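# Breakdown of the fold
Each chain, letter by letter, is given below.
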Amino acid sequence: MARLSSKDQRRLNLTAGYVAMLVVVLIIGLPVWWMISGSLKSTQEIYTFPPQWIPRNPRWSNFWDAWQLAPFGRFYLNSIITTVGGSALEVANATLGAYALAFLRFPFKNVVFVTLLAALMIPSQVTILPNYVFFGSTVYNLIGESWVNTYQAIILPGASVAFGTFLLRQSFLGLPREVLDAAKVDGAGHLRTLWDVVLPMARPVIVTFGLISVVAKWNDYLWPLVITQTESMRTLTVGISSLYDLEGNTDWGLVMAATLFVIFPLLVIFIFVQRFIIEGLTSGATKG
Amino acid sequence: MVSTAPSAEVRSFRNQLAVRSSSRRPRWNDGKEWILFILFMLPNFVLFGLFTFWPMIENMRLSTQRWDLISPVRRSVGSANYRYLLENDTFHKVLFNTAYFTVAAVGLSLLLGLMVALLLNQPLKLRNGARAVVFAPTLLSGAAIGIVWSYIFDPRYGLVAEGLRWVSLSSPDWLNQPAWSMPAIIIVYVWKNMGFAAVIFLAGLQAIPRDLYDAARVDGANIWWRFRSVTIPMLSPIAFFLLITSILNTFQAFDIIRVMTQGGPVDSTNTLIYYVYEQGFVALNAGRSAAASFVLFGLMMIITLVQLRFAEQRVHYG
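These numbers come from a predicted model, not from an experiment.

Glancing now at the overall build of chain B. A tally of regular secondary structure across chain B gives 14 helices and 2 strands. For chain B, restricting intrachain contacts to residue pairs at least 6 apart in sequence, the fraction spanning at least 24 positions comes to 67%.

Moving on, we come to the overall build of chain A. Scanning chain A from N- to C-terminus turns up 14 helices and 0 strands. The secondary structure elements of chain A, listed N-terminal to C-terminal, are α-α-α-α-α-α-α-α-α-α-α-α-α-α. A compact globule built from 288 residues would reach a C-alpha radius of gyration of about 19 Å, whereas chain A, at 25 Å, exceeds it by more than 25%. Residues classed as buried in chain A amount to 45% of the 288 residues present. Look at the contacts in chain A between residues 6 or more apart in sequence, and 76% of them connect residues 24 or more apart.

This next bit is on the interface of chain A and chain B. The interface is formed by 86 residues belonging to chain A together with 88 residues belonging to chain B. Broken down by element, the residue count for the side of chain A that touches chain B peaks at 17 residues, all from helix α14 (residues 252-287) of chain A. Its residues placed into classes, the side of chain A that touches chain B shows 56 nonpolar, 26 polar and 4 charged.

For the rest of this paragraph, the subject is unusual backbone geometry. Residues and elements named next belong to chain B. Following G264, the chain continues into P265 via a peptide bond in cis, with omega recorded as -10°. By the element assignment, P265 lies in the loop between α12 (255-260) and α13 (272-282). Unlike most non-glycine residues, S168 shows phi in positive territory, near 55°. You can see S168 is positioned in the loop between α8 (159-166) and α9 (178-206). For S168, a count of 6 C-beta atoms within 10 Å puts it in the exposed group.

To continue, consider the environment of Y244 of chain A. Looking at the secondary structure, you find Y244 of chain A in helix α13 (residues 236-247). Since 21 C-beta atoms lie within 10 Å of it, Y244 of chain A is described here as buried. Taking C-alpha positions, Y244 of chain A is 43 Å from Q170 of chain A, a pair spaced 74 residues apart along the chain. What Y244 of chain A contacts, discounting residues up to four positions off in sequence, is V255 of chain A together with I147 and V259 of chain B.

All names here are of chain B. Residues of chain B with pLDDT of at least 70 account for 88%, and the chain-wide mean is 86. Contacts for the low-pLDDT stretch residues 1-27, under 50 throughout, to residues beyond four places or in other chains number 34 contacts. With a pTM of 0.88, the predicted complex shows an ipTM of 0.89.

Here we come to the nonpolar core. Ranked by internal contacts, the top residues of the largest apolar core, which has 158 residues, are Y99 of chain A together with I185 and L296 of chain B. Looking at this core, the element that brings in the most residues is α9 of chain B, giving 17 residues. Among residues more than four places away in sequence, those in contact with I185 of chain B are F101, I256, I257, M260, T261 and T269 of chain B.

This part takes up the environment of S213 of chain A. Among the structural elements, S213 of chain A can be located in helix α11 (residues 203-219). Ignoring any residue separated from it by four or fewer positions in sequence, one finds S213 of chain A in contact with S87, E90, V91 and G164 of chain A.

About the thresholds
Residues numbered from 1 in each chain as written. Chains lettered and ligands numbered in written order. Predicted model: local features only at pLDDT ≥ 70, side-chain atom pairs only at ≥ 80, totals over all residues. Helix = DSSP H or I, 4+ residues; strand = E, 2+ residues; numbered from the N terminus. Contact = placed C-beta atoms within 7 Å. Rg over C-alpha atoms; globule rule 2.2 N^0.38 Å. Buried ≥ 20, exposed ≤ 12 C-beta atoms within 10 Å, placed from the backbone. Nonpolar A, V, L, I, M, F, W, Y, C, P; charged D, E, K, R; others polar. pLDDT = per-residue confidence, 0-100. Core = buried A, V, L, I, M, F, W, Y, C linked by C-beta atoms within 7 Å.

Next up, the structure:
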C-alpha cells in the first residue's frame, strides 16, 4: 500500500472510512433514537413541525402512563416464565442429546441423527395450526381441560432442539481427549463426566447457545399470539402489539414508551453479551 | 472459543465414533450405555414427536378437510383446498408478494451486509463498536420494531417524512398505499437483518489469509482485481450459506408484517406465512391454512435441498 499511495492519500482513505462508518451507525441508530426521543414527547411535541430531535421538556410521565395502559407487570412475568422455562428446557435437551451423540454407544445412532436433521427442516410455522388443535381439542379429550392459554402450551412446542444439539455435539467432540480419558481413569461414570468435566469445559458454547435461545424466546411472537387468549397470559411482544392494535397511532409518545418496555431489557443485555453471541454465530457459519 | 477449534471439524464423524467407542468405555457395558443414550435423547424426541412430526401428519389431514376450528364436524373435501389455492387470485398475489419480498429483502440485506463488512474490515478504530451497533437490531423484537417503524413512516410526523421534506419531497402514506406498503416492510426488514449478513461476511473476510492478497499484489493486481480474484472466490461459500439462510428466514418473517400492515392494504403485503396465519386464525379456515402451509413447507424444502446439493460440492474454499 505504502508503495502505491502517499501518506496524504492514506489519510484521505481513512477519513472516508470513518465518515462511511459514521453514516452506517447513524442509519442503524436513528430509528432507535427516534423511539427514545418519541417516548419522551408530549402529544403536542409529537405533532410539532419540524420534529424535535431532542424533546425540549422530556416528559418522563409517559412511562408511568404507558405502564397503566396495559398490565405490563404481568406481561413481564409471562415473558420471563416462558423464556426461562423454554430456554432451560432447550439447553438441557441440547446438552444431554449432544453428550449422547458424542460419547455414548448406540446401535441406531444414524437413525437418531437423520431424525434430528428432519426435525431441523420442519419450520414451526407449518405446525402452529395442528399444535393449536392439539392443545385445544386433543388435550381436552384426554384430560378434560384445554391447555390453550397456558404456560405449558406456550413453552412445550419450542422446548425441543435440533440445532443446539448439533452445535453442542460439535463442540463436545473438540474437547481435549486427555482430560476426558483422565476422568475415565479416575473412575468417573458418564453422569459425572458430563457434569464435572464436559459442562465446565464447554461452558462458552453452552452459554452462547443459551443466549441465542433466550433472545429467540423473548422475541417469539407468532406462537404466543395464537395460543394465548386472555390479556393476563400475553407475553410482552403479543401484549405490545395488541396495545398498538387498540391505541393505533393516536398517541405516539405513549406507544413509544410502551415499546421501550419490550426493547429495553434486550438492549441492556446486548451491551454485555453481544461479543459472545456474535462469536457463537460466526464460528458456526464460517466453519459449516 | 477454544472448544470449537477447527481440528474438531477436520476429523470425520465416523472416525470419532470408532475411536471413541473403542477407547472410552469405563465401567459401563454396552447395554447400560444404550439405556443412558435413550434416556438422554428421550425428552427431545418425545417433544419432537408430539409437536413437530405428529403435527406434520395432522396438517396433512387438515389440508384435506373443511373446518372452522370450532364446530365438532370436519368435512372431508379431498384436494379441494389445494385446487382452491391453485385457482385463487388472492393466493397468486400472495405468492407474488412472497417472491417480491424475498428477492428484495435478501438481495438488499446481502448487498448492504457485504458493503458494511468490507468497510468494517478496514483498520478503523471503534469498528467493533460499529459492528455491535449494526448487529443490535437483529436481536430486537420484530413486533416492537414494527411499531417503532410505523411511527417512523407516519406520513406527517414521522422521521422519513421529515427526511423527505429536507429534499422537498412529500411522503407517501407508506402503510396505507398498496404500492408503498411492501417497500416499507422491506426497508424495515433490511434495517433489522442486514447486521446478521454483515457480521457473518466480516468473519469470512477476516478468515481470508493475508498472503493471498500479498501474492496478488506482487502479481500487480490493483484493488479491484484483488477483490475479484481473492475476496469474491474466498467469500463465495459464506455468501451461499447466507443466501440460503436469509431466504429461509424471509419466508418466516411474520411479526413485522402482522404489526405494521396486517397483510394489507388490499393484500399488498400478504405473504405466504401471513396467509397461513390469516386463513387459520382470522378467517378460521383450517383446511386452506394447512394447505397453504404445505406450499410454504414445499418451497423451504426445495431451498434446503438446493443447499444440501451445492454444499457438498463446495465444502472447501475454491
